[in-house]
Amino acid sequence: MPTISKRGEQVPPSPIRKLVPFAEAAKKRGTKVYHLNIGQPDIETPKPMLDAVRQSNFKILEYSHSAGNESYRRKLVEYYARFDISLTHEQIIVTTGGSEAIIFAFMACLDPGDEIIVPEPFYANYNGFATEAEVKVKTITSSIESGFALPAMADFEKAITSKTKAILICNPNNPTGYLYSKEELEVLKQLCLKHDLFLFSDEAYREFCYTGKHFSAMNLDGLENNVIVMDTISKRYSACGARIGAFVTKNQEALTAAMKLAQARLSPPSFAQIAAEAAVDLPLDYFDGIKAEYQSRRDILVAMLNEIPGVFCPNPGGAFYAMAKLPIDDSDKFCQWILESFEFEGQTVMMAPGTGFYATPGLGKDEVRLAYVLNQADIRHAIVCLAEALKVYPGKTSK
């Protein structure tokens with residue numbers, strides 16, 4: 001039998017989804033599973049988006065432009081202008097989800113063997129995208145004790161080599177929820193200018209900021225040719241299944257290269273672009289209630305976690321994730337055990353092991369990521385379950 005490629009062997013499995021079989025088995029036993037493991041919002045997708053698709057009236061479902069429908073890209077120009085980001089529609093390529101925007105950035109801007117620096121913990125799928133593009137992820141570690149603030153410039157300097165081509169951040173951050181400040185972005189600007197690096201900024205959670213204001217990498221004066229923003233409507237409008245994102249830059253060479261990749265995959269999804277275009281016309285106060293709901297969930301989650309003996313959870317500034325340190329020996333074992341061998345009043349919790357968000361061996365063993373995408377009552381029940389589980393977990397430490 002022919003062998004598969006080394007690339008196929010090396011692409012890592014999703015650490016977020018690897019425990020699915022254990023959750024499914026728990027459900028078959030009759031156990032209710034609270035899913036805090038994945039960022040699938042329970043907020044309803046806005047009705048105007050769905051109505052725009054239902055009311056579509058055409059006889060042929062044609063390819064769209066490879067860069068995306070011009071009408072939608074022009075709408076996105078209006079959207080970004082609300083954040084003082086000045087663009088033309090030609091500086092935006094609509095992608096099949098934010099994932100494709102990340103892949104386009106890697107493939108268009110980096111060569112095989114190039115290095116990209118990412119603060120860890122980081123969104124686990126960056127590893128897979130880097131493997132596809134044959135580039136190397138180099139990490140510098142942020143600590144839970146600092147709330148996962150941006151590491152010092154000196155740490156970046158130590159990691160930069162002749163092969164370094166880019167720095168990648170997610171702001172607000174997945175998995176930590178940390179919101180990078182304007183001052184921290186200015187530090188990255190200095191690094192990128194000094195070493196001639198791209199700055200890739202994943203801004204999927206722009207609207208969900210609770211303890212500060214979002215500052216986009218696109219707003220860094222003098223860094224216009226270095227910045228690539230990767231965006232998506234998935235979390236913004238609770239439309240993960242639409243698979244619509246955006247590759248945004250003022251760097252014409254990067255746009256030209258990414259456009260070749262866009263043409264090779266022909267076009268992004270047509271119906272989803274119709275939905276996404278309608279989303280831009282939602283009332284400007286649309287996010288007020290949703291942001292308040294997420295903030296309430298965050299406050300409940302963080303407060304309850306920090307009341308559990310031996311648990312520490314910094315207060316996330318944005319997105320809808322939190323990383324918590326638990327008194328456990330191994331987060332992979334614990335997250336499997338709590339699904340496989342534990343229940344409290346017929347309930348248990350699914351979380352993402354912290355190890356999946358670090359590249360440095362040994363880190364994250366006492367951490368888990370929790371997504372506060374469930375209603376407030378379910379979050380309360382889930383954390384009660386977690387507290388009870390920690391009382392009886394065989395691998396509990398003395399922390």
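You'll find the structure just up there.
What counts as what
Residues numbered from 1 in each chain as written. Predicted model: local features only at pLDDT ≥ 70, side-chain atom pairs only at ≥ 80, totals over all residues. Heavy atoms only, no water. Helix = DSSP H or I, 4+ residues; strand = E, 2+ residues; numbered from the N terminus. Rg over C-alpha atoms; globule rule 2.2 N^0.38 Å. Buried < 20%, exposed > 50% of the residue type's maximum accessible area, 1.4 Å probe, protein only. Contact = heavy atoms within 4.5 Å. Areas by Shrake-Rupley, 256 points an atom, 1.4 Å probe, with all protein chains shown as cover. Lys, Arg positive; Asp, Glu negative; His and termini not counted. Charge placed at Lys NZ, Arg CZ, Asp CG, Glu CD. 1 Å grid on protein atoms, 1.4 Å probe; cavity = no way out; pocket = protein on both sides within 12 Å on 5 of 7 lines; lining within 4 Å. Points joined across faces, edges and corners; volume = space filled by probe spheres on them. Nonpolar A, V, L, I, M, F, W, Y, C, P; charged D, E, K, R; others polar. Axes fitted to C-alpha atoms, helices over the stretch in contact; angles between N-to-C directions. Parallel < 35°, antiparallel > 145°, perpendicular 65-115°, else oblique. Patch = residues over 30% accessible without salt bridge, like charges linked within 9 Å, V, L, I, M, F, W, Y side chains within 5 Å. Salt bridge = Lys/Arg side-chain N within 4 Å of Asp/Glu carboxyl O. Pairing = 2+ DSSP bridges. Core = buried A, V, L, I, M, F, W, Y, C linked by side-chain atoms within 4.5 Å.

Caption draft 1: The overall build of the protein, seen in detail. In terms of helices and strands, the protein carries 13 helices and 12 strands. Against the 2.2 N^0.38 benchmark of 21 Å for 399 residues, the protein shows a C-alpha radius of gyration of 21 Å, consistent with a compact globule. The principal-axis extents of the C-alpha atoms in the protein amount to approximately 55 × 55 × 55 Å. Within the protein, the proportion of its 399 residues that are buried is 57%. Within the protein, contacts between residues separated by at least 24 positions form 76% of all contacts whose residues are at least 6 apart in sequence. In the form shown here, the protein has an accessible surface area of approximately 17000 Å², with 52% of it arising from carbon and sulfur atoms. In the protein, 42 positive and 48 negative side-chain charges are present, and the distance between their average locations comes to 2 Å.

Caption draft 2: Expanded view of the layout of surface pockets. Considered as a void within the structure, the largest pocket measures approximately 540 Å³ in volume. As for the largest pocket, its lining consists of 21 residues, of which Arg82, Phe83, Arg206, Glu207 and Lys213 are closest to the centre. Tallied by class, residues from the lining of the largest pocket come to 10 nonpolar, four polar and seven charged. Quantified by volume, the second largest pocket comes out at close to 430 Å³. Considering the residues around the second largest pocket, the lining is formed by 23 residues, among which Ser99, Tyr123, Tyr205, Ser234 and Lys235 are closest to the centre. Elements that contribute at least two residues to the lining of the second largest pocket include exactly α5 (97–109) and β7 (227–232).

Caption draft 3: Looking closely at the packing of helix α12 (residues 331–340) against helix α13 (residues 376–392). It is at 11 Å that the axes of α12 and α13 come closest, and there the two elements cross at 110 degrees. Between α12 and α13, the angle is such that the two are roughly perpendicular. Contact residues: α12 offers Phe334, Trp337 and Ile338, while α13 offers Leu386, Ala389, Leu390 and Val392. A per-class count over the contact of α12 with α13 returns seven nonpolar, no polar and no charged.

Caption draft 4: Representation of empty space enclosed by the protein. Inspection of every chain in the model, using the stated rule, returns four cavities of 30 Å³ or more. In this structure, the largest cavity occupies an estimated 80 Å³ of space. Elements with a minimum of two residues in the lining of the largest cavity: α4 (70–81), β7, β8 (245–249) and α10 (270–280). Among the elements that line the lining of the largest cavity, the one with the most residues is α4, at four residues. For the lining of the largest cavity, the residue count by class is 10 nonpolar, two polar and two charged.

Caption draft 5: Structural detail: a nonpolar patch on the surface. On the surface, Phe58, Leu61 and Phe271 cluster together to form a nonpolar patch covering roughly 280 Å² of accessible area. Within the element layout of this structure, Phe58 appears in the loop between α3 (47–54) and α4.

Caption draft 6: Spotlight on the pairing of strand β9 (residues 321–325). Here β9 lies mainly inside the structure; four of its five residues are buried. Summarising the sheet, β9 and strand β12 (residues 367–371) pair through five bridges and their orientation is antiparallel. Among the inter-strand pairings, Met323 is bridged to a residue of β12, identified as Arg369.

Caption draft 7: Summary view of the nonpolar core. Within the largest apolar cluster, 139 residues are counted, with the highest numbers of intra-cluster contacts made by Phe106, Leu199, Phe200 and Phe334. Among the elements that take part in this core, helix α11 (residues 286–307) stands out by supplying nine residues, more than any other. Leaving out residues up to four positions away in the same chain, Leu199 has contacts with Ile167, Ile169, Leu185, Leu188, Cys192, Ala217, Leu220, Leu223, Asn226, Val227 and Ile228.

Caption draft 8: Highlighting the sheet that holds strand β3 (residues 115–120). What the seven strands build is an open sheet, ordered β2-β8-β7-β6-β5-β3-β4; its pairing is mixed. Looking along the sheet, the strands with just one partner apiece sit at the ends: β2 (92–95) and β4 (136–141). On average, adjacent strands in this sheet sit at an angle of 25 degrees to one another, irrespective of strand direction. Two elements, strand β6 (residues 198–202) and β7, share four bridges in a ladder whose sense is parallel.

Keep in mind these numbers describe shape, not what the thing actually does.
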